[in-house]
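Now for the letters of each chain:
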Amino acid sequence: MTTLAKKLRLMDYFSLAFGTMVGTGWLVAMDDWLTRGGSAGAILGFVVGTIVLFPIAYVYGKLVRAMPDASGEVAYTAKVFPRFVSFATGWTMMLSYFVVCPFEAVAAGKIAAYLFPALDSFEIYRVGSRPVYLPHLLLGLVVTIGMTAINYRGVRLSANFQNWATIGVIGLAVAFVSAGLGRGSVANFQPLFHENAFVSILLVVQIVPFFMEGFESVAKSAEEASEGFGGHRYFLAITLALVVGGLFYLMIIAAVSYAAPREALAQEKFATAVAFERALGSHWIAGVVMATAFLSLLKCFNGAMVAASRMMFGLGRRGMVRHAAAYVHPVNQTPSTAILWLGAGTVIILFGGESFLVPLSEVGSVTAAAGWLAACASYALMKPSGFGRAAALLGILITGLLVVLKLIPGVPGAFSMYEWIATAVWCGIGLLLHLRRPAVVAV
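Described below are features of the structure shown in this document. Throughout this description, residue numbers start from 1 for each chain and increase along the sequence as written. For this predicted model, a pLDDT threshold of at least 70 governs which residues receive local features, and a threshold of 80 or more governs which side-chain atom pairs are given and counted, while totals over whole chains, interfaces and linings are taken from all residues. With hydrogens and water set aside, each side-chain value is computed from the structure's full complement of heavy atoms.

### A word on the overall build of the chain
What counts, and what does not: Secondary structure elements are taken from DSSP: a helix is a run of H or I of four residues or more, a strand is a run of E of two residues or more, and numbering for both begins at the N terminus. Think of it in three bands: residues with accessible area under 20% of the maximum for their type are buried, residues over 50% are exposed, and the middle band is partly exposed, with areas taken using a 1.4 Å probe on protein chains only. It only takes one pair of heavy atoms within 4.5 Å for two residues to be counted as in contact. The accessible surface values rely on the Shrake-Rupley method and a 1.4 Å probe; as for residues, cover is taken only from the protein chains in view. The charge count includes Lys and Arg as positive and Asp and Glu as negative, but it does not include His or the ends of the chains. Charged groups are reduced to one reference atom each: NZ for lysine, CZ for arginine, CG for aspartic acid, CD for glutamic acid.
Tallying secondary structure elements over the chain gives 19 helices and two strands in all. Taking the principal axes of the C-alpha coordinates as reference, the chain spans close to 65 × 50 × 45 Å. The buried share of the chain, taken over its 443 residues, is 58%. The long-range share in the chain, meaning contacts at least 24 apart out of those at least 6 apart in sequence, stands at 82%. Summing over all exposed atoms, the chain offers an accessible surface of approximately 16900 Å²; the carbon and sulfur share of this is 70%. Charged side chains in the chain number 29 positive and 20 negative. The centres of these two groups are separated by 11 Å.

See below:
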């Protein structure tokens, strides 16, 4: 039987994790972050959000070392929970990776149109109040097809692309942030908070899981480690990705807040690029920011597809969805059917245009936290050592709060009708696939 390729090393795991974490949120959602929390609220929200994820990272490091299984949370929960709980966890967690793909595909058109305004033409329809332009749609399709093809051809190709893209994004980001250091003002940080400090920080912490999700994606590629890759290195890759990802977001938020006053960035589609353009008084810096964002978009799409396809593969292998999802290409050694299904799903959602961006990020925040909650609960029930149990219990508390705060009506930042609809549709699709699976299951 053909198995997944064994070709990944430490740098590959770090790049896949960091690349899945850091996409284009720092560009397309910066105005939302600053509106939610103000400059200090956004910074502190990401600081708190990053710190509280460390117990979860510890739990994943232990779990992936003990169970290097592509199905990740499905395998972990299967050890201690009934089968349906395992499926529900896997299907929920897969959504948190999958939604990144259409998010980035839609963002591609927005980013390109900033540099080439003529792309904002040929409106073909509207979703809500937002237009869908033909050039945006075509570019999103090209990006989706390209990323699907890279993943289809082999994990080594995906990893090589991810390594170079990660180095490029970090280097370019440091360059444009450094260029803006002498042109801003500390006074631009005002107002520090949107409302009171607690609410401002809370509103940002709620969405951190979506933008920080990916550090644990190392687990989804655990079966593809090269010969001799030590178990402790999984945890090292997870920790590095979490630390570097958190520092990257903090660097960008602080730099944007320093470069221009928040009022000048209100309602701007790309607050990050606008801030540096106005600070330096030149359009070239905006071009560097947008080039960085586009490269980041591609690596995030690639990393998310790697993780989501491995989870779909794992669900199929365990007989929780149709076994066809577990097909491994005999030459490329990739879960090719799962990759093609995810590419097709991305294309379908892509037609929803920009109206889907914020609801997708909101839903992704909850599904990521729900998956982390299940992983921490599973580890706690495996009776780890005292420190491990403390980390698991702390992880349960943190992730439980993240989920509850988004689901309770009336809480600032809670689910709107659109997020509930998106969640219900995904659950319905999963339930249908689970019920229509073959009666004979694989273990």
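### Structural notes on the packing of aromatic side chains
Definition in use: Under the pairing criterion, centres of Phe, Tyr and Trp rings, with the six-membered ring standing for Trp, must be within 6.5 Å; the plane angle then separates stacked pairs below 30 degrees from edge-to-face pairs above 60, leaving the rest tilted.
Under the counting rule described, the total for this entry stands at 21 aromatic pairs. Considering the side-chain rings of Tyr58 and Phe387, the 5.1 Å spacing of their centres and the 85 degrees angle between planes classify their relative orientation as edge-to-face. Of this pair, Tyr58 sits in helix H4 (residues 54-66) while Phe387 sits in helix H18 (residues 386-407); the two residues are 329 residues apart in sequence, bridging distant segments of the chain. Three or more aromatic residues link up through ring pairs in this structure, and these residues are Phe14, Phe18, Trp26, Trp33, Phe46, Phe176, Phe211, Phe248, Tyr249 and Phe276.

### Things to note about the pairing of strand S1 (residues 123-127)
The line we're drawing: The rule for pairing is simple: two strands pair if DSSP sees at least two bridges between them.
Taken together, the four bridges between S1 and strand S2 (residues 130-133) define a ladder with antiparallel strand orientation. Along S2, the bridge assignment pairs Val127 with Arg130. Where S1 hands over to S2, the hairpin turn is made up of two residues, of which Gly128 adopts a positive phi near 70 degrees.

### Regarding the packing of helix H7 (residues 100-115) against helix H16 (residues 336-350)
What counts here: What counts as an axis is a line fitted to C-alpha atoms, over the stretch in contact for a helix, and the angles between N-to-C directions run from 0 to 180 degrees. Every angle not falling under 35 degrees, over 145, or within 65 to 115 is termed oblique; those three ranges are roughly parallel, roughly antiparallel and roughly perpendicular. Rotating anticlockwise by less than a right angle from the far helix to the near helix defines a left-handed crossing, while the corresponding clockwise rotation defines a right-handed one. Any residue that is not Ala, Val, Leu, Ile, Met, Phe, Trp, Tyr, Cys, Pro, Asp, Glu, Lys or Arg is counted as polar, Gly included; the first ten are nonpolar and the last four charged.
Packing of H7 against H16 leaves a shortest axis separation of 9 Å and a crossing angle of 50 degrees. Classified by the angle between their axes, H7 and H16 sit oblique to one another. Crossing angle aside, the handedness with which H7 passes H16 is right-handed. Residue-level contacts link Cys101, Pro102, Ala105 and Val106 of H7 to Thr346, Ile349 and Leu350 of H16. Within the contact of H7 with H16, the residues separate by chemical class into six nonpolar, one polar and no charged.

### A word on unusual backbone geometry
Glycine aside, negative phi is the norm for most residues, and most peptide bonds take the trans geometry. The step from Gln190 to Pro191 runs through a cis peptide bond, and the omega angle for that step is -5 degrees. Structurally, the position occupied by Pro191 is in the loop between helix H9 (155-180) and helix H10 (197-205). With phi around 60 degrees, Phe122 is a residue other than glycine that occupies positive phi space. With respect to the secondary-structure elements, Phe122 resides in the loop between H7 and S1. The backbone of Gln333 sits at a positive phi, close to 55 degrees, despite the residue not being glycine. By the secondary structure assignment, Gln333 is in the loop between helix H15 (284-317) and H16.

### Here's the deal with empty space enclosed by the protein
The condition is simple: Using only the protein atoms, space was sampled on a 1 Å grid; points where a 1.4 Å probe fits but cannot get out form cavities, open sets with protein on both sides within 12 Å along at least five of seven lines form pockets, and lining residues are those with an atom within 4 Å of a point. Grid points are joined across faces, edges and corners, and a volume is the space filled by probe spheres set on the points.
For the structure shown, the criterion picks out three cavities of 30 Å³ or more. In this structure, the largest cavity is lined by Ala105, Val106, Pro131, Val132, Tyr133, His136, Leu137, Leu350, Gly353 and Glu354. Among the secondary structure elements, those contributing two or more residues to the lining of the largest cavity are H7, S2 and helix H8 (134-153). Among the elements that take part in the lining of the largest cavity, S2 stands out by supplying three residues, more than any other. Among the residues forming the lining of the largest cavity, the class breakdown is seven nonpolar, two polar and one charged. In this model, the second largest cavity occupies a volume close to 70 Å³. What lines the second largest cavity is Thr20, Met21, Gly23, Thr24, Gly25, Val100, Phe103, Glu104, Phe210, Phe211, Tyr249 and Cys300. Only helix H1 (10-21), H7 and helix H11 (208-212) provide two or more residues apiece to the lining of the second largest cavity. Among the elements that make up the lining of the second largest cavity, the one with the highest residue count is H7 (three residues). Partitioning the lining of the second largest cavity into residue classes produces seven nonpolar, four polar and one charged.

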